[in-house]
Amino acid sequence: MARWAGWGAGPAGAGAAGGPSRIFLGVLAALALGAAFALWRDGREAGAAIAFAGAVYFALRVAGALGRRDGRDDES
């Protein structure tokens, strides 16, 4: 059976199983970029800006610039 992190806090809480995969984050970045373009095309600039910010966030997660890099929670 696969390990499931659950929703609680602490070492057995959410994120303990390693977090989302890079593929999943890449798909989210692409979907957010598509949503930003669709919203911009429809004249909804505020929503497009928020969706674009989400795309940037997920792209940074894919690139490893944000989030855990080595699997540890502490920065020591």
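Residues numbered from 1 in each chain as written. Predicted model: local features only at pLDDT ≥ 70, side-chain atom pairs only at ≥ 80, totals over all residues. Heavy atoms only, no water.

Caption draft 1: Seen up close, the environment of F37. Secondary-structure assignment places F37 in helix α1 (residues 22–41). Residue F37 is classed as partly exposed on the basis of its relative accessible area of 46%. (Helix = DSSP H or I, 4+ residues; strand = E, 2+ residues; numbered from the N terminus. Buried < 20%, exposed > 50% of the residue type's maximum accessible area, 1.4 Å probe, protein only.)

Caption draft 2: How the structure looks around α1. Here α1 is 20 residues long and its end C-alpha atoms lie 28 Å apart, about the 28 Å a rise of 1.5 Å per residue gives. Those residues of α1 lying buried are L25, A29, A32 and A36. Buried residues of α1 fall within an arc of 70° about the axis and therefore sit on the same side. Facing away from the buried side of α1, by more than 90 degrees, are the exposed residues I23, L31 and R41. On its buried face, α1 is in contact with α2 (45–63). At the C-terminal side of α1, G43 shows a positive phi close to 85°. (Expected span 1.5 Å × (residues − 1). Arc of directions from axis to C-beta. Contact = heavy atoms within 4.5 Å.)

Caption draft 3: Structural detail: the packing of aromatic side chains. Taken as a whole and judged by the stated rule, the model has two aromatic pairs. Consider the rings of F37 and W40, whose centres lie 6.0 Å apart with planes at 40°: the pair is tilted. Here F37 pairs with W40, and both are found in helix α1, just three residues apart, close to one helical turn. In this structure W40 comes out as exposed when scored by relative accessible area, which is 53%. (Phe/Tyr/Trp six-rings, centres within 6.5 Å; stacked < 30°, edge-to-face > 60°.)

Caption draft 4: Representation of the packing of α1 against α2 within the structure. Packing of α1 against α2 leaves a shortest axis separation of 8 Å and a crossing angle of 160°. Between α1 and α2, the angle is such that the two are roughly antiparallel. Note that α1 runs across α2; the crossing there is left-handed. When α1 is examined against α2, the residues R22, L25, G26, L28, A29, A32, L33, A35, A36, L39 and W40 are found in contact with a partner set consisting of G47, A48, A51, F52, G54, A55, F58, A59, R61, V62 and A63. Of the residues in the contact of α1 with α2, the class split is 17 nonpolar, three polar and two charged. (Axes fitted to C-alpha atoms, helices over the stretch in contact; angles between N-to-C directions. Parallel < 35°, antiparallel > 145°, perpendicular 65-115°, else oblique. Left-handed = near helix turned anticlockwise from the far one by under 90°. Nonpolar A, V, L, I, M, F, W, Y, C, P; charged D, E, K, R; others polar.)

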